[in-house]
Amino acid sequence: MKITNIEKQKNNSMRFNVYIDNKYAFSVSYEEKKEFNLEEGIDINEEQYNYYVNYLINKSAYNDSIKFLSYSMRTKKELINKLKSMGYDNSIINNVLEKLIKQRYIDDEYYTELYIKEKKERLYSKYRIYNELYRKGIDPSIITSKLDQLYENEIDTIKKLIIKKRVSTNDKLKIKNYLFRKGFMIEDINKVLLDEEVK
């Protein structure tokens, strides 16, 4: 295999399209061109070609991951789904995930902690938080453990919601149904409704 042409990209003068045997093969940055010693007319073998392509695909997947993660924290499953939708195969995804987990860009336990704290402040039930985290691909054992640590009692949350709901209604049955639909346990709802503080 021979590198027959290396040309600057029209929209980015610091990137180059590399042609092998007169066919487009891959694109590289100026730094990668220097690092790989890519020049017109040189011969490369199949092992070199595979190395270049594998290196560039891994780098592209990593950069796409960082861009995706820059908007907000993501779970491992969310990132996997994103990379799959972009056409990366499992081996590339696994390589990138391993690197990102070591760098703590992906950390499902930390993500779960932050998510629980935020949703607890927004008066979500444990049941709703559990289901949302489960759909995001968090391991059930992590969800349960973090909920036990950070959200032991829903009584205070129910009290706050009752006070908030009573702005629009004093009907206990409506309030009870509202809280039940939100995922709170009926025993806790009844306990709070019997509490003199919220009557």
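Above this text is the structure in question.
All figures in this text were calculated on a predicted structure; none of them were measured in a lab.

(A) Main features of the pairing of strand S2 (residues 15-20). Among the 6 residues in S2, 5 count as buried, and that is most of the element. Note that strand S1 (residues 3-8) and S2 share 5 bridges and pair antiparallel. Among the inter-strand pairings, Ile3 is bridged to a residue of S2, identified as Ile20. The sheet contact formed by S2 and strand S3 (residues 23-29) spans 6 bridges and is antiparallel.

(B) Region of interest: the nonpolar core. One finds Ile129, Leu133, Ile158, Ile162, Leu179 and Phe184 to be the most contacted residues of the largest nonpolar core, which totals 23 residues. With 4 residues, the single largest contributor to this core is helix H8 (residues 155-165).

(C) Broad picture of unusual backbone geometry. Here Asp21, not a glycine, exhibits a phi torsion of approximately 50°, which is positive. For Asp21, the location among the structural elements is in the loop between S2 and S3. At Leu123, a residue that is not glycine, the phi angle is positive and equals roughly 70°. In this structure, Leu123 sits in the loop between helix H5 (108-121) and helix H6 (126-135). Accessibility expressed as a relative area gives 18% for Leu123, which makes it buried.

(D) Representation of the sheet that holds S3 in the model. One open sheet accounts for 3 strands, arranged S1-S2-S3; its pairing is antiparallel. The outermost strands of the open sheet, each flanked by one partner alone, are S1 and S3. Pairwise comparison of adjacent strand axes, ignoring direction, gives a mean angle of 25° for this sheet.

(E) Representation of the packing of H8 against helix H10 (residues 186-194) in the model. The geometry of H8 relative to H10 is characterised by a closest axis approach of 10 Å and an angle of 60° between their N-to-C directions. As judged from the angle between their axes, H8 and H10 are oblique. Here the hand of the crossing between H8 and H10 comes out right-handed. On H10, the residues touching Ile155, Ile158, Lys159 and Ile162 of H8 are Asp188, Ile189, Lys191, Val192 and Leu193. Each residue belonging to the contact of H8 with H10 can be placed in one class, and the counts come to 6 nonpolar, no polar and 3 charged.

Cut-offs and rules
Residues numbered from 1 in each chain as written. Predicted model: local features only at pLDDT ≥ 70, side-chain atom pairs only at ≥ 80, totals over all residues. Heavy atoms only, no water. Buried < 20%, exposed > 50% of the residue type's maximum accessible area, 1.4 Å probe, protein only. Helix = DSSP H or I, 4+ residues; strand = E, 2+ residues; numbered from the N terminus. Pairing = 2+ DSSP bridges. Core = buried A, V, L, I, M, F, W, Y, C linked by side-chain atoms within 4.5 Å. Axes fitted to C-alpha atoms, helices over the stretch in contact; angles between N-to-C directions. Parallel < 35°, antiparallel > 145°, perpendicular 65-115°, else oblique. Left-handed = near helix turned anticlockwise from the far one by under 90°. Contact = heavy atoms within 4.5 Å. Nonpolar A, V, L, I, M, F, W, Y, C, P; charged D, E, K, R; others polar.

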